[in-house]
There are 2 protein chains.
Amino acid sequence: MTDENHSQPSENRIHGSVTVQDAETLAASIPADATLATSGFGSVGYPKAVPLALAESDRDLSLTIVSGGSVGEEIDTRLVEAGAIERRYPYQVTPEARAAINEGQIAFHDSHISRLSDEIELGQHVDVDIAVVEAVAIGDDWFVPSLSIGPTPAYVAAADRLIVEINDSLPRELEAIHDVYRPGRPPNREPIPLTHPGERIGTSRIQFPSEKLVGVTRTERRDTSYTFREPTAADRAIAANLLEFLADEIHDNPVFAESVQLQFGVGSLGNALMGALGDFDFGDREVNYYGEVIQDGLLDLLDDGLLDVASATSLALSQDGQDRLCEDIDRYAENVVLRPSDISNNPAVVNRFGVVGVNSALEVDLYGHVNSTHLGGTHLMNGIGGSGDFNRNALIPIVALSSTAKEGAISRIVPMVPHVDHTEQDISVVITEQGVADLRGLSPRERAEEMVEHCAHPEYRSDLRRYLKRAERGGGHIPHDLSRAFDWQSEG
Amino acid sequence: MTDENHSQPSENRIHGSVTVQDAETLAASIPADATLATSGFGSVGYPKAVPLALAESDRDLSLTIVSGGSVGEEIDTRLVEAGAIERRYPYQVTPEARAAINEGQIAFHDSHISRLSDEIELGQHVDVDIAVVEAVAIGDDWFVPSLSIGPTPAYVAAADRLIVEINDSLPRELEAIHDVYRPGRPPNREPIPLTHPGERIGTSRIQFPSEKLVGVTRTERRDTSYTFREPTAADRAIAANLLEFLADEIHDNPVFAESVQLQFGVGSLGNALMGALGDFDFGDREVNYYGEVIQDGLLDLLDDGLLDVASATSLALSQDGQDRLCEDIDRYAENVVLRPSDISNNPAVVNRFGVVGVNSALEVDLYGHVNSTHLGGTHLMNGIGGSGDFNRNALIPIVALSSTAKEGAISRIVPMVPHVDHTEQDISVVITEQGVADLRGLSPRERAEEMVEHCAHPEYRSDLRRYLKRAERGGGHIPHDLSRAFDWQSEG
């Protein structure tokens, strides 16, 4: 994991009276039942050496781990395998963590990313003992985060103590990308003054009271970052349908006369959709990304000059993407901004910019309710993440997914989703490789017709129509046959 | 409905070159298939004479009616009975409208109130032909709304034409209460500058381009306003549990050191809870209401000096409450502010003030998912209204409801809600007359235990535990037995 370093360890990373210790010593100072709040979002920027030292110790640990978003194997594989995690917030992406959560061994609770900073800082879920964060530089009362910011500023404020890992594999120059703005606390919080996706309203550093700092260690270990699959035929068909919808929308709506603000959810489909925008003609409009994560697809758009600004809370890039960014950081810093996740996902800011948000899902029902998180309604995949922030607050929230799963054996358009993450009011448009269901302003019965006709796979349309016909017997605004609503789930 | 007038018709209501016509003439000018956007929220401040004239005409109408929130019998009874409404947004409270929607005769679509103004103004659902609004005064390019503001400013902006009803039964002095602030349009919308619930950032008037005004009429007809039932024993027990929870929370959390911002949902329970606050000791804290509607219970608190400020979008008062307010309007105007609903329910502002939100529901499931709108998952009650705005964005979102319905024959704590309006992430606390389930930071299994132990009625606890035990066989993060999840619904 340390095959390539973008910059060598140098004393310009460590300032003031900060001294470096080894990770084992710091890990040993952590109480066995501590609540740790870690940096890390989009599987980058999380601490590695201290979690690994904890996992490799022979202590009997029952930790509570609060991450920003997804983190890598050092936490969500190694600590899980060591049986060291008792409680976990708010998002994970590893098979090991997922299994332990679904088996009830780890108590898990997820949160809307926009709300997470407040929830932790204002003591709504747990009291944080120690913040453990990755940085590229540190002083007596500040550090520079690495490839993600997430809710780290709030976690540091909430924690009694602070442990910092300096990652020498990453350039200190990442600070040029960061814009750390801290809203005050309610009830005297000021309006967030951000008026353009590319504007900077903060600083490159996260501040902390110097007395919180209990230790600093160094590592060259790199992130277990995302890998993306090549776009499938379905991905490309979804992208084509999305671009066709966007072309009409942008042409017709005066909101988009001068600029378009876009957001794409994390994952291979999101990455593929970002990439496909390269073929789209935005005319002379300014095009900005105001989202949660920057994936590799966005770097292409930036390189080609198709994107004016990209703002997010995580550089959730593949290792190749990280190398590409880090090798040319000054150029990217001109139009890439990394913000805390309570700003990147902020309801007011997403609304203010009239974002067009595109997020994926596991399944969508005939009436536009969306399951993003629980297979069969019971088994957690990752967590809700920021999908609710963008679905609820975007001007045009779009759900994009393939119409089937398991090579056509399962329809992702179902009579009733067995777990609802996003409600009918939160979704405007559903896009599959089959077409576009524009649900805006439609009654439930009309939405169902749109979903069957334009989003469901042809093989499932007659079954869905049959369900609707049965459901009509019971009447109501949203007709359902509760005795059969989940029949399709047993096939899953 | 016109037994008592607070002020007589006087020329100081009609300014500039505005001339008055009769309602029938104006109604006749409305195309049979027009889309009308009306004022009205919380069953007050809606137009009456023109809708009534439409209902009493013998024309074959197929109108689309977009109201702000709930309106009265002139629209949602009389026009429904006349078969004149083809499509309806976004909220209603009459048996006639409800039946027509549930029978599929009226195509209905609801919206989060905070999003509604944008959705209509930015053409996301329908194109508005004519705005029909109630006012207490008008000039060539402005009017003063009556007892509610709602999304009327956005509706007027969206409409091609404008019809205004001057209601002579209400004092023109209501303008002292209004604070109409208009955010700009995305993507150049500025941050909303409101920093205190009582601050005024706008004007008392809604502006319009003078060429939109096609007619003005006058009426003395009063609102079909809310009536509240007397608090029941369950209401009082819920209130006692709420106050006990609040006492701990306010004492412990530094956010509430100097002030507390509260919101209560519309309805008899909300009104009863507002009233019960009179018995609560807030110490020397400033206590403000930052909500959607002001109900009678709040007037008592204001009169007793227990509330510093009440801010909302509707004076959803009983007729007695209206009389009380209108007779002493200058005094109430000192600490009552009426705002557009995209400000009263604004996610950023609700978050900024750290609101404690208390909203009711039809039923809540073991894992904290909430059904606020659909009986049996199929039959619409009213609409989602602002419940999602406050549940999602309040610092502490609380759901309050009685543990049973139909005199104990139905449990409102169910295995799985058949319709989800608010997800597990949106709800912090559930309160019934049985007790308080504090769900914050808990895993689904832990939440279920809290719900059974503290919220369910004792008679249903063993059945709920039996469901959980069966559900465990399938495992998962949120255990469910999909074949039995809705068995309790058939009892409804």
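Residues numbered from 1 in each chain as written. Chains lettered and ligands numbered in written order. Predicted model: local features only at pLDDT ≥ 70, side-chain atom pairs only at ≥ 80, totals over all residues. Heavy atoms only, no water.

Turning our eyes to something else, we now look at the pairing of strand β14 (residues 356–359) of chain B. All names here are of chain B. By the alternation rule, side chains of β14 split into Val 356 and Val 358 and Gly 357 and Asn 359, which are all buried. Summarising the sheet, strand β10 (residues 259–264) and β14 pair through three bridges and their orientation is parallel. Pairing of Phe 264 across the sheet is with Val 358, part of β14. The pairing of β14 with strand β19 (residues 396–400) spans four bridges and is classified as parallel. Across the sheet, Gly 357 pairs through a bridge with Pro 397, a residue of β19. (Buried < 20%, exposed > 50% of the residue type's maximum accessible area, 1.4 Å probe, protein only. Helix = DSSP H or I, 4+ residues; strand = E, 2+ residues; numbered from the N terminus. Pairing = 2+ DSSP bridges.)

In this section: the relation of the copies chain B and chain A. Note on the copies: chain B fits chain A at an RMSD of 0.0 Å, the axial shift is 0.0 Å, and the rotation between them is 180°. Within this description, the copies of the chain are treated as partners about a two-fold rotation axis. Proximity to the rotation axis, assessed at the C-alpha, singles out Ala348(B) in chain B; its C-alpha lies 2.6 Å from the axis. In this assembly, 100% of the residues forming the interface of chain B have copies in chain A that are likewise at the interface, indicating an isologous arrangement. (Least-squares fit on C-alpha atoms with pLDDT ≥ 70 in both. Contact = heavy atoms within 4.5 Å.)

Let us now look at the pattern of salt bridges. Throughout the structure, instances matching the rule amount to 60 salt bridges over all chains. Residues Asp328(A) and Arg331(A) are paired through a salt bridge, measuring 2.6 Å at the closest nitrogen-oxygen approach. Judged by its relative accessible area of 36%, Arg331(A) falls in the partly exposed class. The salt bridge partner of Arg324(B) is Asp300(B), with a shortest N-O separation of 2.6 Å. Remark: Asp300(B) occurs in helix α9 (residues 296–303) and Arg324(B) occurs in helix α10 (residues 319–327); sequence separation between them is 24 residues. Judged by its relative accessible area of 28%, Arg324(B) is partly exposed. (Salt bridge = Lys/Arg side-chain N within 4 Å of Asp/Glu carboxyl O.)

All names here are of chain B. Assignment of secondary structure puts Ser 311 in strand β12 (residues 309–312). For the pair formed by Ser 311 and Arg 339, sequence separation is 28 residues and the distance between their alpha carbons is 7.3 Å. Apart from the residues lying within four places of it in its own chain, the contact partners of Ser 311 are Pro 197, Tyr 289, Tyr 290, Gly 291, Val 337 and Arg 339.

The next thing to look at is the UniProt feature "domain: Acetyl-CoA hydrolase/transferase C-terminal" (unreviewed entry) in chain A. Mapped onto the present numbering, the UniProt feature "domain: Acetyl-CoA hydrolase/transferase C-terminal" (unreviewed entry) falls at residues 321–467 of chain A. Structurally, residues 321–467 of chain A is divided into 35% helix and 24% strand, and its ends, taken at the C-alpha atoms, are 46 Å apart. (UniProt positions renumbered as here; feature names shortened; annotations may be inferred.)

Here the focus is the UniProt feature "domain: Acetyl-CoA hydrolase/transferase N-terminal" (unreviewed entry) in chain A. In this numbering, the UniProt entry assigns the feature "domain: Acetyl-CoA hydrolase/transferase N-terminal" (unreviewed entry) to residues 21–215 of chain A. Each end of residues 21–215 of chain A is marked by a C-alpha atom, and these two atoms are 7 Å apart; helix forms 24% of the span and strand 21%.

This part is about the sheet that holds strand β14 (residues 356–359) of chain A. Each strand in a sheet pairs with its neighbour through backbone hydrogen bonds, running either in the same direction (parallel) or in the opposite one (antiparallel). Residues and elements named next belong to chain A. Taken together, the eight strands give an open sheet; going across it, the order is β13-β12-β11-β10-β14-β19-β23-β24, and neighbouring strands pair in mixed fashion. Of all strands in the sheet, those bounded by a partner on one side alone are β13 (336–338) and β24 (435–438). Within the sheet, the average angular offset between the axes of one strand and its neighbour, ignoring direction, is 20°. Each of β10 (259–264), β11 (286–290), β14 and β19 (396–400) is contacted by helix α8 (residues 268–276), which is oriented at about 155° to β10, the strand it contacts most. (Axes fitted to C-alpha atoms, helices over the stretch in contact; angles between N-to-C directions.)

Turning to unusual backbone geometry, a few remarks are in order. Note that the residue after Pro186(A), namely Pro187(A), is joined by a cis bond; omega there is 5°. In this fold, Pro187(A) is placed in the loop between β7 (161–167) and β8 (206–207). In this model, Tyr89(B) is joined to Pro90(B) through a cis peptide bond whose omega is -20°. Despite not being glycine, Lys406(A) shows a phi value in the positive range, around 50°. Its location among the elements puts Lys406(A) in the loop between β20 (404–405) and β21 (410–411).

Bringing the packing of aromatic side chains into the picture now. In the structure shown here, the tally under the stated rule is nine aromatic pairs over all chains. Consider the rings of Tyr290(A) and Phe353(A), whose centres lie 5.1 Å apart with planes at 75°: the pair is edge-to-face. One end of the pair, Tyr290(A), is in strand β11; the other, Phe353(A), is in the loop between α13 (347–352) and β14, and 63 residues separate them in sequence. This pair shows no difference in class: Tyr290(A) is buried, exactly as Phe353(A) is. Between the aromatic rings of Tyr460(B) and Trp488(B), the centroid separation amounts to 5.9 Å while the plane-to-plane angle is 45°, which identifies the pairing as tilted. Placement of the pair is Tyr460(B) in helix α16 (residues 458–472) and Trp488(B) in the segment after α16, with a sequence separation of 28 residues. This pair shows no difference in class: Tyr460(B) is buried, exactly as Trp488(B) is. In this structure, Arg205(A) packs its charged tip against the face of Trp142(A), placed 3.6 Å from the ring centre. Between Arg331(A) and the ring centre of Tyr332(A), over which it is positioned, the NZ or CZ distance is 4.6 Å. (Phe/Tyr/Trp six-rings, centres within 6.5 Å; stacked < 30°, edge-to-face > 60°. Lys NZ or Arg CZ within 6 Å of the ring centre and 35° of its normal.)

Moving on, we come to helix α4 (residues 95–102) of chain B. Every buried residue belonging to α4(B) is among Ala97(B), Arg98(B), Ala100(B), Ile101(B) and Asn102(B), and all of these are buried. Considering only its buried residues, α4(B) is in contact with α15 (444–455) of chain A together with α3 (73–81), β4 (107–108) and β18 (379–380) of chain B.

Turning our attention to the domain arrangement of chain A. Residue and element names in this part refer to chain A. Looking at the assigned domains, one finds that chain A contains domain 1 (3–219) and domain 2 (233–473). Taken over C-alpha atoms, the centre of domain 1 sits 28 Å from the centre of domain 2. Taken residue by residue, the interface counts 45 residues in domain 1 and 46 residues in domain 2. Summing both sides of the interface, domain 1 and domain 2 together bury roughly 3800 Å²; the carbon and sulfur share of this comes to 60%. The interface formed by domain 1 and domain 2 includes one salt bridge. A salt bridge links Arg 339 to Asp 179, with the shortest nitrogen-to-oxygen separation between them at 3.1 Å. There are 24 residue pairs in polar contact (both at pLDDT 80 or more) connecting domain 1 and domain 2. Of all the secondary structure elements, the ones that give two or more residues to the side of domain 1 that touches domain 2 are α4 (95–102) and α5 (113–121). (Domains from an automatic or database assignment. Buried area = accessible area lost by both parts, 1.4 Å probe. Polar contact = N/O pair within 3.5 Å; in protein donor to acceptor, adjacent residues only side chain to side chain.)

Each regular strand carries side chains that alternate between the two faces of the sheet. Residue and element names in this part refer to chain B. Neither face of strand β1 (residues 35–38) is open: one carries Thr 35 and Ala 37, the other Leu 36 and Thr 38, and all of them are buried. Across three bridges, β1 lies against strand β2 (residues 63–66) in parallel orientation. Across the sheet, the residue bridging to Leu 36 is Ile 65, located in β2. For the crossover from β1 across helix α2 (residues 49–56) to β2, the handedness is right-handed. Bridge analysis of β1 against strand β5 (residues 130–139) gives three bridges, and the strand direction is parallel. (Right-handed = clockwise from strand over helix to strand, strands pointing away.)

On the side of chain A, 81 residues touch chain B, which itself brings 80 residues to the contact. Roughly 6300 Å² is buried in total at the junction of chain B and chain A, and carbon and sulfur atoms are behind 50% of that figure. The largest per-residue losses of area from chain B upon contact with chain A belong to Gln124(B), Arg392(B) and Gln425(B), which jointly make up 12% of the total buried on that side. In this structure, the salt-bridge partner of Glu446(B) is Arg87(A), at a minimum N-O distance of 2.6 Å. Across the side of chain B that touches chain A, the residue classes tally to 30 nonpolar, 33 polar and 17 charged. (Nonpolar A, V, L, I, M, F, W, Y, C, P; charged D, E, K, R; others polar.)

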